[in-house]
Amino acid sequence: MKALVYNGPYDVSVEDAPDARIEQPNDALIRITTTNICGSDLHMYEGRTTVERGKILGHENMGIVEDTGPAVTRIKPGDRVSVPFNIACGSCRNCVNGWTAFCQRVNPTEGMDGAAYGYANMGPYDGGQAELLRVPYADFNLLELPAGDEHEAKFTMLSDIFPTGWHGTELAGQRAGDSVAVFGAGPVGLLAAHSALIRGASQVFVVDRQADRLALAESIGATPVDFSEADPVEQILDATDGRGTDCGVEAVGYQAHDPSGQEHPELVLDNLVKAVRTTGGIGVVGVYMPEDPEAAEEGAKHGRIAFDYGTFFTKGQHMGTGQCPVLRYNRALRDLIVTGRADPSFLVSHELPLDEAPDAYRHFDKRDDGWTKVLLHP
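Note that the coordinates shown come from a computational prediction; the quantities given were computed from them, not determined experimentally.

Quick notes on the rules
Residues numbered from 1 in each chain as written. Predicted model: local features only at pLDDT ≥ 70, side-chain atom pairs only at ≥ 80, totals over all residues. Heavy atoms only, no water. Helix = DSSP H or I, 4+ residues; strand = E, 2+ residues; numbered from the N terminus. Rg over C-alpha atoms; globule rule 2.2 N^0.38 Å. Buried < 20%, exposed > 50% of the residue type's maximum accessible area, 1.4 Å probe, protein only. Contact = heavy atoms within 4.5 Å. 1 Å grid on protein atoms, 1.4 Å probe; cavity = no way out; pocket = protein on both sides within 12 Å on 5 of 7 lines; lining within 4 Å. Points joined across faces, edges and corners; volume = space filled by probe spheres on them. Nonpolar A, V, L, I, M, F, W, Y, C, P; charged D, E, K, R; others polar. Pairing = 2+ DSSP bridges. Axes fitted to C-alpha atoms, helices over the stretch in contact; angles between N-to-C directions. Core = buried A, V, L, I, M, F, W, Y, C linked by side-chain atoms within 4.5 Å. Phe/Tyr/Trp six-rings, centres within 6.5 Å; stacked < 30°, edge-to-face > 60°. Lys NZ or Arg CZ within 6 Å of the ring centre and 35° of its normal. Right-handed = clockwise from strand over helix to strand, strands pointing away. Parallel < 35°, antiparallel > 145°, perpendicular 65-115°, else oblique.

Participant: Explain the overall build of the protein to me, and be specific about the residues and the numbers.
Facilitator: Of the regular secondary structure elements, the protein holds 13 helices and 17 strands. Its C-alpha atoms give the protein a radius of gyration of 20 Å, within 12% of the compact-globule value 21 Å for 378 residues. Over its C-alpha atoms, taken along the principal directions, the protein stretches across nearly 60 × 45 × 40 Å. Taking all 378 residues of the protein together, the buried fraction comes to 57%.

Participant: Break down helix H7 (residues 211-219) for me, with residues and values.
Facilitator: Buried within H7 are the following residues: Asp212, Arg213, Leu214, Leu216 and Ala217. Looking at the buried residues of H7, the elements they touch are helix H6 (187-198), strand S11 (203-208), strand S12 (223-226) and helix H13 (357-365). One or two steps after H7, the chain reaches Gly221, where phi turns positive at roughly 100°.

Participant: Residues and numbers for the layout of surface pockets, please.
Facilitator: By rolling a water-sized probe across the atoms, one finds the places where empty space is left. Volume-wise, the second largest pocket comes out at about 260 Å³. Lining of the second largest pocket is provided by 16 residues; of these, Ala20, Arg21, Glu23, Asp126 and Arg134 occupy positions nearest its centre. Top contributing element to the lining of the second largest pocket by residue count: strand S8 (residues 132-135), with 3 residues. Taken together, the residues of the lining of the second largest pocket break down into 10 nonpolar, 1 polar and 5 charged.

Participant: Tell me about the sheet that holds strand S13 (residues 245-250), and name the residues and values.
Facilitator: Read from one edge of the open sheet, 6 strands run S12-S11-S10-S13-S14-S15, paired in parallel fashion. The sheet is open, and its two borders are formed by S12 and strand S15 (318-321), each paired with just one other strand. Averaged over all pairs of adjacent strands, the angle between their axes in this sheet comes to 20°, without regard to strand direction. Here strand S10 (residues 179-183) runs beside S13; their pairing, made up of 4 bridges, is parallel.

Participant: Before we move on, could you go through empty space enclosed by the protein and cite the residues and values that matter?
Facilitator: Summed over all chains, the structure comprises 1 cavity of 30 Å³ or more. The volume enclosed by the largest cavity comes to roughly 40 Å³. Together, Tyr254, Glu263, Pro265, Met289, Asp292, Ala295, Ala300 and Ile305 line the largest cavity. Its residues assigned to classes, the lining of the largest cavity shows 6 nonpolar, no polar and 2 charged.

Participant: Outline the nonpolar core, supporting the account with residue identities and numerical values.
Facilitator: In terms of nonpolar packing, the biggest core is built from 66 residues, with Leu4, Leu158, Phe162, Val180, Val204, Val206 and Tyr361 touching the most fellow members. Per element, the largest residue contribution to this core is 6 residues, and it comes from H6. What Leu4 contacts, discounting residues up to four positions off in sequence, is Val12, Ser13, Val14, Lys55, Ile56, Leu57, Gln129, Leu354, Ala357, Pro358 and Tyr361. Counting 22 residues, the second largest nonpolar core, distinct from the first, contains Ile75, Ala88, Cys103 and Ala115.

Participant: I'd love a proper account of the packing of aromatic side chains, names of residues and values included.
Facilitator: For the coordinates displayed, the defined rule picks out 6 aromatic pairs. An angle of 75° between the planes, with centres 5.4 Å apart, marks the rings of Tyr10 and Tyr45 as edge-to-face. In this pair, Tyr10 sits in the loop between strand S1 (2-8) and strand S2 (11-16) while Tyr45 sits in helix H1 (residues 41-45), placing the two residues 35 residues apart along the sequence. Ring centres of Trp99 and Phe102 lie 6.4 Å apart, and the angle between their planes is 55°; this geometry places the pair in the tilted category. Trp99 sits in the partly exposed class, given a relative accessible area of 32%. Exposure remark for Phe102: the relative accessible area of 27% places this residue in the partly exposed category. Above the plane of the ring of Trp99 lies Arg328, whose end atom (NZ or CZ) is 4.0 Å from the centre.

Participant: How would you summarise the environment of Gly253 if you had to cite specific residues and measurements?
Facilitator: Along the chain, Gly253 falls in the loop between S13 and helix H9 (267-275). Those residues within four positions of Gly253 in sequence are excluded, and the remaining contacts are Pro265, Gly286, Val287 and Tyr288.

Participant: Which residues make up the pairing of strand S14 (residues 276-284), and what are the values?
Facilitator: Note on strand geometry: in a regular strand, side chains alternate between the two faces of the sheet. Looking at chain direction, S13 and S14 are connected through 5 bridges and run parallel. Looking across to S14, one finds that Glu250 is bridged to Val284. Note that the unit made of S13, H9 and S14 has a crossover that is right-handed. Of the strand pairs in this sheet, S14 and S15 are connected by 4 bridges, and their pairing is parallel. When the sheet's bridge partners are listed, Gly281 is paired in S15 with His318.

Participant: How would you summarise the environment of Pro293 if you had to cite specific residues and measurements?
Facilitator: For Pro293, the position within the fold is in the loop between S14 and helix H10 (298-301). Sequence-wise, Pro293 and Gly281 are 12 residues apart; in three dimensions their C-alpha atoms are separated by 30 Å.

Participant: Before we move on, could you go through the packing of helix H5 (residues 161-171) against helix H12 (residues 330-338) and cite the residues and values that matter?
Facilitator: Closest axis-to-axis distance for the H5/H12 pair is 10 Å, and the angle between their directions is 110°. Comparing the axis directions of H5 and H12 gives the class roughly perpendicular. Of the residues in H12, those touching H5 at Phe162, Pro163 and Trp166 are Asn330, Leu333, Leu336 and Ile337.

Participant: Any chance you could break down unusual backbone geometry for me, citing the residues and the numbers?
Facilitator: In this model, Tyr10 sits at a positive phi of 60°, which is unusual for a non-glycine residue. Classification of Tyr10 as partly exposed rests on a relative accessible area of 48%. A positive phi angle, close to 70°, is found at Thr279, a residue other than glycine. Note that Thr279 resides in strand S14.

Take a look at the structure:
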C-alpha cells in the first residue's frame, strides 16, 4: 500500500509499505477514504518528538470497512466509519469510566496510558495516512456513519479535532451564556470556537496572528484578536469592561511563540490566567510533552512549564487538561452534523491526493496563507 512515512525532521515521503492486515480476532481493516494532516503531526514533522524513523503517520482517519476479524460482531465489511484517534480496549478502568484517551492496556510504552495511530510514544500502531489501516478493538472503537459520501469533509473531523475542540470547552466548564477566550486559531482552536458557539456562548474571542485563520474565526461569529497588533489580554479585558472571560481554551501547546517568533512554552497559559475572570475555568487541549530536548528553556526540556501558578491560585481558577476521549463526544457531534447544527468543514482549505502530502506538510508547517486544514484522499 502507499503510505506517508516519517524519515526525519522536515522529511516525510509517500512510500510503498506492507499492507495493513487483520492481526487479532477483534481487528477491522479500513480502506481509508479521507485522512487529515493535524497540527499535532507538525510536532513530529519538526523533530520535536521521539517518533521513530519509518513510522506511518496519521491519526485523523475515516473510511470503509474492508474486512473484520472473527471476534468482531457489530462492525461489518462495507460499513462507513470514523476512526477515533484513541485506541482503547473498552474494558480497563479508564475506558469503563469514559476516559478512552488513557486506556491502560493498549500502550506498552512505560509510563504512558493511552494509545493512538501514527504518533510518538502512543504505541506501536501505524497511522492512517495510507491506503489501509488496522483498527484494534473494532467493535468498541469505530463510529458508524451514514452510508454514501455525504458530509465527508465534515465527518472526517470526528476522529480528533472536532471532539478535541469540544473537549476544550468541556474542560473549561463552559455553560450557556458564558464568554470564552480561545488561544490559537489552528484547526482545534477554530473548532473549539465553533463548539463554544454551539454550546451557547455569548461571545467567543479567538487569539492568533494569522490573518486567514482569524478571518475564519470571524466567519463563524467569533471575535478575532490579533496578538501581533497589541497585547491579547489587554484586548480581551478592554472588550469585557475589565472583567475577563468566563472561561478559556488553550489550543496552542508547548511551541507557543510571541509576535517576534521567540518560543515561550508558558506564554498562552500565562495569558489565559490573566484573561479569564476569577473562579473561571481553563481547558488545555494544546499538546505538552514530558520531554522536549529542543526547548529553548532548560526546565521545558524536561516538561517543567513555569506558568503563573500564583495568580492562577489567587484567582481561584480551575484547569482541565489532556487528550480528548473521542468516544465521549463523537456520536453526538455526528448527529449535530447530520441535522445541520454543526459544520466543522468550514476550515478546510485543501483536499489533495496522498501523493501530494509531503508538499502539503511543508505549506501547513510554514502557516502559509490559506493553508488552514488539509484533507488527503489515498
